[in-house]
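# Examination of the molecular architecture
Residue strings, one per chain:
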Amino acid sequence: MLAPTGRSAKRMMESIGRKASTIHKFLKWNGETETFQVNIYNPSMTKFVIIDEVSMVDIFLMKNLFDGLLNNIKLIFVGDANQLPSISPGNVLYDLLQIPEIKRTELSMIYRTKKDSYINDFASDIKNKITKEKYESYSDFSFIGCDEIHIKQIIKEISLKAIEKGINKESFQVLAPMYKGENGIELLNKVMQSIFNPESIDKKEIIIRGVTYREGDKVIQLINDVDNNIYNGDIGIIETIITSTKNIMIVNYNGIKVKYDNKKFDEITHAFAISIHKSQGSEYENVIMVISKSFKRMLYNKLIYTGVTRAKKSLVIIGSKEYLNYGITRDYAENRKTLFTRLF
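An account of the accompanying structure is given in this report. (Residues numbered from 1 in each chain as written. Predicted model: local features only at pLDDT ≥ 70, side-chain atom pairs only at ≥ 80, totals over all residues. Heavy atoms only, no water.)

With 53 residues, the main nonpolar core has Phe 122, Ile 304, Val 308, Leu 315, Ile 317, Ile 318 and Leu 324 as its most contacted residues. The contacts of Val 308, once residues within four sequence positions are left out, are Ile 119, Phe 122, Ala 123, Ile 126, Met 289, Leu 315 and Ile 317. In terms of nonpolar packing, the next biggest core, distinct from the first, is built from 21 residues, Phe 36, Ile 51, Val 54 and Leu 93 among them. (Core = buried A, V, L, I, M, F, W, Y, C linked by side-chain atoms within 4.5 Å. Buried < 20%, exposed > 50% of the residue type's maximum accessible area, 1.4 Å probe, protein only. Contact = heavy atoms within 4.5 Å.)

What follows is the structure, encoded as structure tokens:
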């Protein structure tokens, strides 16, 4: 059982109760030589492979996976072609679905949320590019329309109410399309940090590239670190900060503790708010998604769909109804130029 990210592999293990790993780990990635030790000359003897979140797999990784497998095996790909394609080149899952010889089954039941969840209906509408003049409120969904200048204040109010209800920072996730700007991820993280992990004499702090990190902060890994078994998009909590001539930070990723020093600090950033791209492959109990006019060039159907389908229990969208509808109806980079299907 394989997945492109550590988060996805962990979810497979939790759901099925069997061992799963990242594709990189299965292929025995060597960071020093930047090569896979399981390859066309040294293939795995595995006979049956299940790969989850295939929409996130780029063509280079899939090529290396095929190289590392025998020809007479069985493969099952699991994924959602309506989600964002891989960051790197290719459109593997979409291309595979264009090949009629490949058998496929489309799931009609969504298991992440309750059967009567409006989030399911909303996701289906987005997939079919259906917009609404007015977005009603439901038990698990709310749309709060507001001007750009009020977005952060509304997020503050919702966050404070969440804390009153006993919702912690681990199950509360803010998503946005862009890092920069008045309502970008960088400023949203400052707002969320002040609410979920405010300054305290009991918590040590360190300033990195002008940003204050403190013990108890929620952070996200930005690159794959196979040696420590953490990957791009994994979220952890800063457990310990040691300030001395050599600053050190210990981050706990669900039991995996990783040490960072001055040479590795650029591998992490705050994760109270993260990009929708980084959220792919994850799920969160409670999601706030920010949609504003300033994000216009980043808004398109697959981005909106991916953000909405991250939520399990509750989803709140804050911002502009006009640009939410714009994103739902807009295709962006839908047709990637690939030659994958010509192989079949």
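With that settled, the discussion passes to helix α3 (residues 59-67). For α3, the complete set of buried residues consists of Leu 61, Met 62, Leu 65 and Asp 67. The elements touched by buried residues of α3 are β1 (2-3), α2 (23-26), β4 (35-36), β5 (48-51), β6 (74-77) and α4 (92-97). (Helix = DSSP H or I, 4+ residues; strand = E, 2+ residues; numbered from the N terminus.)

The subject of this paragraph is the packing of helix α6 (residues 151-164) against helix α7 (residues 185-196). The interhelical angle for the contact between α6 and α7, taken along N-to-C directions, is 30 degrees, at an axis separation of 10 Å. In terms of orientation, α6 and α7 fall into the roughly parallel class. Handedness of the α6/α7 crossing: right-handed. Listed contacts from α7 to Lys 152, Ile 155, Lys 156, Ser 159, Leu 160 and Ile 163 of α6 are Leu 188, Val 191, Met 192, Ile 195 and Phe 196. (Axes fitted to C-alpha atoms, helices over the stretch in contact; angles between N-to-C directions. Parallel < 35°, antiparallel > 145°, perpendicular 65-115°, else oblique. Left-handed = near helix turned anticlockwise from the far one by under 90°.)

Right, let's talk about the sheet that holds strand β8 (residues 172-176) for a bit. As summarised here, the arrangement of the 5 strands in space is β7-β18-β17-β8-β16, forming an open sheet in which the pairing is parallel. Strands with a single pairing partner mark the edges of an open sheet, and in this sheet they are β7 (141-145) and β16 (273-275). Across this sheet, the average inter-strand angle for adjacent strands is 25 degrees, counted without regard to direction. Across 5 bridges, β7 lies against strand β18 (residues 311-319) in parallel orientation. Looking across to β18, one finds that Phe 141 is bridged to Leu 315. Strands in contact with α6 are β7, β8, β17 (284-291) and β18; relative to β18, the strand with the most contacts, it is inclined by about 150 degrees. Contacts from α7 reach β8, β16 and β17 within the one sheet, and its direction differs from that of β8 by about 165 degrees. (Pairing = 2+ DSSP bridges.)

What follows is about empty space enclosed by the protein. It is a probe the size of a water molecule, rolled over the atoms, that shows where empty space is left. If you walk through the whole model with that rule in mind, you get 1 cavity of 30 Å³ or more. If you go around the largest cavity, you meet 13 residues; those closest to its centre are Ser 55, Pro 85, Asn 91, Leu 93 and Tyr 94. With 3 residues, α4 is the single largest residue contributor to the lining of the largest cavity. Residues of the lining of the largest cavity, tallied by class, amount to 7 nonpolar, 5 polar and 1 charged. (1 Å grid on protein atoms, 1.4 Å probe; cavity = no way out; pocket = protein on both sides within 12 Å on 5 of 7 lines; lining within 4 Å. Points joined across faces, edges and corners; volume = space filled by probe spheres on them. Nonpolar A, V, L, I, M, F, W, Y, C, P; charged D, E, K, R; others polar.)

Attention now moves to unusual backbone geometry. A negative phi angle is the norm for most residues apart from glycine, just as the trans form is the norm for most peptide bonds. Here the phi dihedral of Arg 209 falls at roughly 50 degrees; this positive angle occurs in a residue that is not glycine. Mapped onto the elements, Arg 209 comes out in the loop between β9 (205-208) and β10 (211-214). Here the phi dihedral of Asn 254 falls at roughly 50 degrees; this positive angle occurs in a residue that is not glycine. Of note, Asn 254 is situated in the loop between β13 (248-253) and β14 (256-260).

Take the pattern of salt bridges next. All chains considered together, the criterion is met by 15 salt bridges. In this structure, Lys 321 engages Glu 133 in a salt bridge whose closest nitrogen and oxygen atoms are separated by 3.3 Å. Here Lys 321, found in helix α10 (residues 321-329), pairs with Glu 133, found in the loop between α5 (118-127) and β7; they are 188 residues apart in sequence, far enough to count as distant. Given a relative accessible area of 28%, Lys 321 falls into the partly exposed group. We classify Glu 133 as exposed; its relative accessible area is 66%. The partner of Lys 264 in a salt bridge is Glu 267, with the nearest N and O atoms 3.9 Å apart. (Salt bridge = Lys/Arg side-chain N within 4 Å of Asp/Glu carboxyl O.)

Across a sheet, strands are paired by hydrogen bonds formed along the backbone, either parallel or antiparallel in direction. Overall, antiparallel pairing links the 5 strands, which are arranged β14-β13-β12-β11-β15 in an open sheet. Both edges of this open sheet fall to β14 and β15 (268-270), since each of them pairs with a single strand only. The mean inter-strand angle of the sheet, taken between neighbouring strand axes irrespective of direction, is 40 degrees.

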